[in-house]
Amino acid sequence: MRLQGKRAFITAAAQGIGRATAEAMIREGAIVTATDINADLLADLEGATTGRVDVLDRAALEAAIREADPEILVNCAGIVHAGTIQQATDDDFALAMNLNVRSQFVAIQAALPAMLARGAGSIVNIASVASTLMGVRNRFAYSTSKAAVIGLTKSVAMDFIATGIRCNCIAPGTVDSPSLHDRLRATGDYDQAMADFVARQPMGRIGSSPEIADLVVYLASDESRYMSGQCLTIDGGMSL
Ligand code: NAD
């Protein structure tokens, strides 16, 4: 088991990529603290310590991380704002930056002191292909925030490169998750929207959350010990 006995802290672990990551890490022997703003959805996650944590609440996020004392930190929380720059309000933009970027800044700040004291740690941030990697229609605030995740990741990796702490991020393409289905329904024509998403996938299908979780496990584990500051794209060829 690749994460035997390692303490892992995951945000937004109730569903989608975060949930699949929690389940994969449990299977790999990690001692998992799985958190989400929706504690009810965490109730059936077996083999982990679970708790409600709103990543927008600095004090709560810091306290939960200090208590869990993670050797692995997975920053998964993220929200999609649909629309171009013309449709984004100040509040939309602020929420995208606060939830998708500032939460990672806060979580890493909270986890770093203990990681530094141990001289070891692996941080995995969830970015997106919608960012510096490629332009995606109607994802202005989201793409801006996810590009910042890549910059944050490289900055943290560089500043702590010689300390034993690694920081990498993952850029998924379109992944099957509950919020994806919400976005498809919100278009008003679910079937057409799904067909459009699949059409932009050279592999002919969207990804699954467990496929992304496998990559999170790899980056969290010692198998990737010579890798830091990288953004790994996993998108079925969407950005090819
Ligand atoms: P999802 O969007 O279906 O679920 C998100 C989870 O985040 C939910 O459990 C929700 O309760 C939780 N959450 C929302 N606000 C929160 C808050 N303030 N504090 C704590 N938790 C909160 O899951 P997903 O689609 O797998 O997305 C997970 C991550 O992957 C996000 O960062 C997303 O941007 C990224 N991502 C997703 C896709 C995709 O196509 N699904 C593609 C690229 C990147």
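See the structure printed just above.
The notes below deal with the structure included here.

## Observations regarding the site of the ligand
- If you check the shell around the ligand, you find 28 residues, and the closest are Ile17, Asp36, Tyr142, Ser177 and Ser179.
- Contact between the ligand and Val55: a nitrogen atom at 3.0 Å from a main-chain N or O atom of the residue.
- Between Ser177 and the ligand, the recorded distance is 2.6 Å, taken from a side-chain N or O atom to an oxygen atom.
- Protein coverage of the free-state accessible area of the ligand, which is 830 Å², stands at 91%.
- When atoms are counted within 2 Å of each cavity's grid points, the one that captures over half of the ligand is the largest pocket.
- Those elements that place two or more of their residues in the shell around the ligand are helix H1 (16-27), helix H4 (140-159) and helix H5 (178-186).

## Observations regarding the layout of surface pockets
- Here the largest pocket defines a volume of roughly 1,200 Å³.
- Residue lining of the largest pocket: 49 residues in total, with Gly78, Val80, Tyr142, Ser179 and Arg183 positioned closest to the centre.
- Within the residue set of the lining of the largest pocket, elements represented by two or more residues are H1, H4, H5 and helix H6 (190-199).
- Roughly 170 Å³ of internal volume is contained in the second largest pocket.
- In this structure, the second largest pocket is lined by 13 residues; those nearest its centre are Lys6, Ala120, Gly121, Ser122 and Asp222.

## Observations concerning the sheet that holds strand E5 (residues 121-126)
- Read from one edge to the other, the open sheet built from seven strands follows the order E3-E2-E1-E4-E5-E6-E9, with strand pairing classed as parallel. With one partner strand each, in any of the chains shown, strand E3 (48-52) and strand E9 (231-234) form the two edges of the open sheet. Each adjacent strand pair in this sheet contributes to an overall mean axis angle of 15 degrees, direction not counted.
- Relative to strand E2 (residues 31-36), strand E1 (residues 7-10) runs parallel, the two being bridged by four bridges.

## Notes on the packing of helix H3 (residues 90-118) against H4
- At a minimum axis separation of 8 Å, H3 and H4 run at an interaxial angle of 20 degrees. What the angle tells us is that H3 and H4 run roughly parallel. Our pair here, H3 against H4, has a crossing hand that is right-handed. Here H3 contributes Asp92, Phe93, Ala96, Met97, Asn100, Val101, Gln104, Phe105 and Ile108 to the contact with H4, which in turn contributes Phe140, Ala141, Tyr142, Thr144, Ser145, Lys146, Ala148, Val149, Leu152 and Val156.

## As for the pairing of E2
- Among the six residues of E2, five are classified as buried, and the element is accordingly described as predominantly covered.
- Between E1 and its parallel partner E2, the chain crosses via H1, and the hand of that crossover is right-handed.

About the criteria used
- Along each chain, residues carry numbers from 1 onward, in the same order as the chain's sequence is written.
- Note on the predicted model: pLDDT of at least 70 is required for a residue's local features to be given, and 80 or more for side-chain atom pairs to be given and counted; whole-chain, interface and lining totals, by contrast, use all residues.
- Hydrogen atoms and water are omitted, and side-chain values are computed over all heavy atoms in the structure.
- By convention in this text, a residue qualifies as near a molecule or strand provided that one of its non-hydrogen atoms is within 4 Å of it.
- Throughout this description, a polar contact denotes any pair of N or O atoms lying within 3.5 Å of each other; where both atoms belong to protein, one of them has to be capable of donating a hydrogen while the other can accept it, and for residues adjacent in sequence the pair is counted only when both atoms sit in side chains.
- Only the protein chains shown count as covering a residue, and every accessible area follows the Shrake-Rupley method with a 1.4 Å probe.
- Within this scheme a cavity is a closed region of a 1 Å grid, computed over the protein atoms alone, that accommodates a 1.4 Å probe without allowing it to escape, whereas a pocket is open but has protein on both sides within 12 Å along at least five of seven lines; lining residues each have an atom within 4 Å of a point.
- Grid points define the cavity or pocket, and a molecule sits in it when more than half of its atoms lie within 2 Å of them.
- A run of H or I in DSSP becomes a helix once it reaches four residues, and a run of E becomes a strand once it reaches two; helices and strands are each numbered from the N terminus.
- Grid points are joined across faces, edges and corners, and a volume is the space filled by probe spheres set on the points.
- Strand pairing is assigned whenever DSSP detects at least two bridges linking the two strands.
- Geometry is summarised by axes, namely lines fitted to C-alpha atoms with helices restricted to the contacting stretch, and by angles between N-to-C directions that run from 0 to 180 degrees.
- For classification, angles of less than 35 degrees are called roughly parallel, those exceeding 145 degrees roughly antiparallel, those between 65 and 115 degrees roughly perpendicular, and all remaining angles oblique.
- Less than a right angle of anticlockwise turn of the near helix away from the far helix marks a crossing as left-handed, whereas a clockwise turn marks it as right-handed.
- What makes two residues a contact is simply this: any of their non-hydrogen atoms within 4.5 Å.
- Using a 1.4 Å probe on the protein chains alone, a residue whose accessible area is under 20% of its type maximum counts as buried, one over 50% counts as exposed, and one in between counts as partly exposed.
- If you view a crossover with the strands going away from you and the path from the first strand over the helix to the second runs clockwise, you call it right-handed.

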